[in-house]
Amino acid sequence: MPSQEELKKAWESLDTLIYRVLDAEGNQVANAQVRQYGEVWLFYDEEDGYLVIDSEQVQNLVLA
């Protein structure tokens, strides 16, 4: 499993679009963002840091 530092470097090296992640009321909580990283996605927020998530998990998010 990649460290937070490795995931941060991967995030910064990408040129894919960054999508804001919104809650049910349309607010971006904890600066939540997601971007495509090959076959998976990288999720970032100020509470959990960087996470690798799959396409199915991204489909459950509200993106802007």
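Anything mentioned here points back to the structure above.
Residues numbered from 1 in each chain as written. Predicted model: local features only at pLDDT ≥ 70, side-chain atom pairs only at ≥ 80, totals over all residues. Heavy atoms only, no water.

**Q** How should I be thinking about the overall build of the protein in this particular structure?
**A** Each helix and strand in the protein was counted, giving two helices and five strands. Counting from the amino terminus, helix and strand elements in the protein follow one another as α-β-β-β-β-α-β. Computed over its C-alpha atoms, the radius of gyration of the protein comes to 11 Å, within 12% of the 11 Å expected for a compact globule of 64 residues. Judged by the C-alpha coordinates and their principal axes, the protein covers about 30 × 25 × 20 Å. Long-range contacts, defined as pairs at least 24 residues apart, comprise 30% of the intrachain contacts of the protein with a sequence gap of at least 6. A total accessible area of about 4,500 Å² is found for the protein, and carbon and sulfur atoms account for 47% of it. Averaged over its 4 positive side-chain charges, the protein has a centre that lies 9 Å from the centre of its 13 negative ones. (Helix = DSSP H or I, 4+ residues; strand = E, 2+ residues; numbered from the N terminus. Rg over C-alpha atoms; globule rule 2.2 N^0.38 Å. Contact = heavy atoms within 4.5 Å. Areas by Shrake-Rupley, 256 points an atom, 1.4 Å probe, with all protein chains shown as cover. Lys, Arg positive; Asp, Glu negative; His and termini not counted. Charge placed at Lys NZ, Arg CZ, Asp CG, Glu CD.)

**Q** In this structure, what is going on with the pairing of strand 2 (residues 33-37)? I would like to understand it.
**A** On any regular strand, side chains alternate: one points to one face of the sheet, the next to the other face. With two bridges connecting them, strand 1 (residues 19-22) and strand 2 associate as antiparallel partners. Paired with Arg-20 across the bridge in strand 2 is Gln-33. Both strand 2 and strand 3 (residues 40-45) contribute to a ladder of five bridges, which runs antiparallel. Within the sheet, the bridge partner assigned to Gln-33 lies in strand 3 and is Tyr-44. Hairpin connection between strand 2 and strand 3: a loop of two residues separates the two successive antiparallel strands, and Gly-38 in this loop has a positive phi of roughly 70°. (Pairing = 2+ DSSP bridges.)

**Q** Sorry, what's going on with the environment of Ala-24 here?
**A** Looking at the secondary structure, you find Ala-24 in the loop between strand 1 and strand 2. When the C-alpha atoms of Ala-24 and Val-40 are compared, they prove to be 24 Å apart, with 16 residues separating the residues in sequence.

**Q** I would appreciate a short explanation of the packing of aromatic side chains in the present structure.
**A** The way to describe two aromatic rings as a pair is by their centre distance and the angle between their planes. All chains considered together, the criterion is met by four aromatic pairs. Aromatic side chains Tyr-19 and Trp-41 sit 6.3 Å apart centroid to centroid with 50° between the ring planes, which places their arrangement in the tilted category. Of this pair, Tyr-19 sits in strand 1 while Trp-41 is found in strand 3, placing the two residues 22 residues apart along the sequence. Overall, the relative accessible area of 12% leaves Trp-41 in the buried class. (Phe/Tyr/Trp six-rings, centres within 6.5 Å; stacked < 30°, edge-to-face > 60°. Buried < 20%, exposed > 50% of the residue type's maximum accessible area, 1.4 Å probe, protein only.)

**Q** So what exactly am I meant to see when it comes to the sheet that holds strand 4 (residues 49-53) here?
**A** Consider a sheet: its strands pair through backbone hydrogen bonds, and that pairing is either parallel or antiparallel. Strands sit in the order 4-3-2-1-5 across an open sheet of five strands; the sheet is antiparallel. Each edge of the open sheet is held by one strand with a lone partner, namely strand 4 and strand 5 (62-63).

So far we have only geometry, and geometry alone does not tell us how the molecule works.
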